[in-house]
Amino acid sequence: MEGGFAFVDWTILFIYMGVMLLIGALVSRQQSDSQFFFLGGRSMPSWAVALSVVATALSAATFIGVPQMAFEGDFTYLATNLGAMIAAFIIAFYFVPPIYAAGTVTIYGYLGQRYGESARTAAGAMFLLGRPLSSGARLFMAGIGFSLMLYGETARHHLIFAILLLGIVGTLYTVSGGIRAVIWTDVIQIIVMVVAALAAVAYLVSLIPLTPGQMVAELTSSQGVNKLKVLDFSLNFSNPFTFWSALFAMTIVSLSTHGVDQDMLQRVMTAKSPFHGGLALIGSMAIAVPIILVFLIIGALLHLFYTRPDLMGNAFPPDVVEDTRRLFPQFVLQHLPVGLRGLTMAGLIAAAMSTFDSAINAMASSLIADLYVPLRAFLQKMKSGQKEEEHLPDLAGSRFAVGLMGFLLTLFAIGAIYLQEQGGESLINFALGVMAFAQAPLLGVFCTALFTRRGNAASALTAFATGIGLVLLLQPYMLPKWAGFTLGWTWTWAIVSPVCFLICLCGSPGTEEIS
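As the structure is a computational prediction, the values presented were derived from the model and not from experiment.

Calculation notes
Residues numbered from 1 in each chain as written. Predicted model: local features only at pLDDT ≥ 70, side-chain atom pairs only at ≥ 80, totals over all residues. Heavy atoms only, no water. Helix = DSSP H or I, 4+ residues; strand = E, 2+ residues; numbered from the N terminus. Rg over C-alpha atoms; globule rule 2.2 N^0.38 Å. Buried < 20%, exposed > 50% of the residue type's maximum accessible area, 1.4 Å probe, protein only. Contact = heavy atoms within 4.5 Å. Areas by Shrake-Rupley, 256 points an atom, 1.4 Å probe, with all protein chains shown as cover. Lys, Arg positive; Asp, Glu negative; His and termini not counted. Charge placed at Lys NZ, Arg CZ, Asp CG, Glu CD. Salt bridge = Lys/Arg side-chain N within 4 Å of Asp/Glu carboxyl O. 1 Å grid on protein atoms, 1.4 Å probe; cavity = no way out; pocket = protein on both sides within 12 Å on 5 of 7 lines; lining within 4 Å. Points joined across faces, edges and corners; volume = space filled by probe spheres on them. Nonpolar A, V, L, I, M, F, W, Y, C, P; charged D, E, K, R; others polar. Axes fitted to C-alpha atoms, helices over the stretch in contact; angles between N-to-C directions. Left-handed = near helix turned anticlockwise from the far one by under 90°. Core = buried A, V, L, I, M, F, W, Y, C linked by side-chain atoms within 4.5 Å. Expected span 1.5 Å × (residues − 1). pLDDT = per-residue confidence, 0-100. Parallel < 35°, antiparallel > 145°, perpendicular 65-115°, else oblique. Patch = residues over 30% accessible without salt bridge, like charges linked within 9 Å, V, L, I, M, F, W, Y side chains within 5 Å. Phe/Tyr/Trp six-rings, centres within 6.5 Å; stacked < 30°, edge-to-face > 60°.

Caption draft 1: Region of interest: the overall build of the protein. From N to C terminus, the protein includes 21 helices and 0 strands. A globule of 515 residues ought to have a C-alpha radius of gyration of about 24 Å, and the protein, at 23 Å, matches this closely. With respect to the principal axes defined by its C-alpha atoms, the protein has extents near 80 × 50 × 45 Å. Taking all 515 residues of the protein together, the buried fraction comes to 58%. Considering only intrachain contacts with a sequence separation of at least 6, the fraction spanning at least 24 residues in the protein is 84%. Per element, the accessible surface of the protein, about 19800 Å² overall, is 68% carbon and sulfur. Distance between charge centres in the protein, computed from 24 positive and 26 negative side chains, equals 8 Å.

Structure follows, in structure tokens:
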């Protein structure tokens, strides 16, 4: 089947993008001030918040990367949800209520109440340094799939067009409607993403000349390997997807990614109450499991499709998978029929947009509430000699901040093209995992603030600095390389966060502590 988009595919794609822009325009009429723009009036239904959190967590990296994992390995990635579910209950019962009650625009405002403005500003700065790299790199990954599906290759000018289109559309509807637009578009985007994935599974099953039972039998004994294995009980600390990593390390990782990240927890703060917010978070974790399973099934079926000519017979595909990172986009481009190809392309865009829109809104809220507002208050105090009450800028200022963040993320994604061309793939991989530098230390400090009465600004800042240094030390090219061992990325969190907790715990309660 010849690649490229037909008229029907383009129609589906533009209808999808038009709906996203329409939602942003409709929601924009409800905006009253910056507080409403970033918190949505704390009136969002819990089911919509849950779907929004799922949509953000399942990025374009999931759409492209999870099938690759199953194609090359097995289903052990699914076990990571064990720790995620444990973390969801901890966050819902112990993180959400006090942070929600603090009533601040960002979750880092809670640290400001506990440890002072310097702690809040430092936490916001860490988030703002890590998130552009992480989310920008994910937009770059979506651009690769977009370019492959549209043009059949990833020439620089095609990649730039793909990234610009994704960035412009995502920025426009987020600038218009704020967090409410993010949540309602995410609801549609997760539905589109799941429908596209299920359609791909159904079409794959129709292409493979085996019954479902025969497929399962072949996958459970594929060349002596069980590709459907979910639990790996080996004590292998270099493998991030063992049962022990899923149970212990992934619990800490998920506490970080969903409990102390403004991007994730901002949606929870828009719910009607702490109970509804916690319920949404737990629900999002439960919903994510079957969705991830669908993408793993896609990868397993593609393994039969592309590597088993003895099973496929005359239906064996003529195209060869030269790069497994392009596995699913290649299948979509070469084998899906017209219409279904456009739907799947919309699913990839939905995966990218749901991550992009939430990131720029969260970054804008942190930029304004954690950096700009405290800095403006400080300068006014220096000028007048009196401390004045902090005020958020008007709605236009908040929208400008969202637009600025959208521009920066799109710019980084385009810059990633040139990094890859210069042999900078390791830099891209670093960008995808860079949030550990912010999230692992933040978790330690938040746990001190939430579960103890100890800690102060000095100990929090010391914990932040030490955590960043420790994450750097544990990177594969640092201590593991020097000492000759390999450490799975999940265990970095399991080491760094407890260390930061102990460091912050050493500080005596400061005068900033709230009752």
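The rest of the description comes next.
Caption draft 2: Broad picture of the pattern of salt bridges. Evaluation of the coordinates by the stated rule reveals 7 salt bridges. In this structure, D186 engages R267 in a salt bridge whose closest nitrogen and oxygen atoms are separated by 3.5 Å. With D186 in helix α8 (residues 156-207) and R267 in helix α11 (residues 262-268), this pair connects stretches of sequence that are 81 residues apart. Its relative accessible area of 0% is what places D186 among the buried residues. Overall, the relative accessible area of 0% leaves R267 in the buried class. Linking R308 and E218 is a salt bridge whose minimum nitrogen-to-oxygen distance equals 3.3 Å.

Caption draft 3: Inspection of empty space enclosed by the protein at higher detail. Throughout the structure, instances matching the rule amount to 2 cavities of 30 Å³ or more. In this structure, the largest cavity encloses a volume near 40 Å³. The wall of the largest cavity is formed by S59, A60, S135, R138, L139, A352, T355 and F356. Of the residues that constitute the lining of the largest cavity, the class distribution is 4 nonpolar, 3 polar and 1 charged. Reported here for the second largest cavity is a volume of approximately 40 Å³. Surrounding the second largest cavity, S234, L235, N236, F237, T242, W244 and W491 form its lining.

Caption draft 4: How the structure looks around unusual backbone geometry. In this structure, R42 takes a positive phi of about 45 degrees despite not being glycine. Inspection of the secondary structure puts R42 in the loop between α2 (34-39) and α3 (46-57).

Caption draft 5: Local environment of the packing of helix α12 (residues 274-307) against helix α14 (residues 327-335). The interhelical angle for the contact between α12 and α14, taken along N-to-C directions, is 65 degrees, at an axis separation of 11 Å. Every pair of crossing elements has a handedness; the one defined by α12 and α14 is left-handed. Contacts between α12 and α14 involve F295, I298, L302, F305 and Y306 from the former and L327, F328, Q330, F331 and H335 from the latter. Residues of the contact of α12 with α14, tallied by class, amount to 8 nonpolar, 2 polar and no charged.

Caption draft 6: Structural context of the nonpolar core. Of all hydrophobic cores here, the largest spans 166 residues; its most connected members are F146 and F446. For this core, the element with the most residues is α8, which contributes 20 residues. Discounting chain neighbours no more than four positions away, the residues touching F146 are L13, M17, A162, L165, L166, M345, L348 and I349. Grouped together as the second largest cluster of nonpolar side chains are 5 residues, A84, A92, I282 and M285 included.

Caption draft 7: Highlighting helix α18 (residues 435-451). For α18, spanning 17 residues, the distance from its first C-alpha to its last is 23 Å, which sits close to the expected 24 Å at 1.5 Å a residue. Taking burial as the measure, the 17 residues of α18 include 16 buried ones, the bulk of the element.

Caption draft 8: Inspection of the confidence of the model for the protein at higher detail. For the protein, the mean per-residue pLDDT works out to 86, and 93% of the residues sit at or above 70. Across the protein, the element-wise mean pLDDT spans from 50 in helix α17 (residues 425-432) up to 95 in helix α5 (residues 80-102). Of the regions scoring below 50 in pLDDT, residues 424-428 engages in 7 contacts with residues more than four places distant in sequence or in other chains.

Caption draft 9: Highlighting the packing of helix α4 (residues 60-72) against α14. Where α4 contacts α14, the axes come no closer than 7 Å and their chain directions differ by 100 degrees. Considering the angle they form, α4 stands roughly perpendicular to α14. Where α4 abuts α14, its residues F63, I64, P67, Q68 and F71 lie against L327, F328 and P329. Class assignment for the residues of the contact of α4 with α14 results in 7 nonpolar, 1 polar and no charged.

Caption draft 10: Local environment of a nonpolar patch on the surface. On the surface, L231, F233, L235, W244 and F248 cluster together into a nonpolar patch covering about 530 Å² of accessible area. For L235, the location among the structural elements is in the loop between α9 (212-220) and α10 (243-259).

Caption draft 11: Inspection of the packing of aromatic side chains at higher detail. Scanning the entire structure with this criterion turns up 19 aromatic pairs. Considering the side-chain rings of W10 and F14, the 5.6 Å spacing of their centres and the 20 degrees angle between planes classify their relative orientation as stacked. Linking W10 with F14, this pair stays in helix α1 (residues 7-28), spanning 4 residues, or about one helical turn. Classification of W10 by relative accessible area gives partly exposed; the value is 27%. Through successive ring pairs, a cluster of aromatic residues spans Y108, Y110, F127 and F446.

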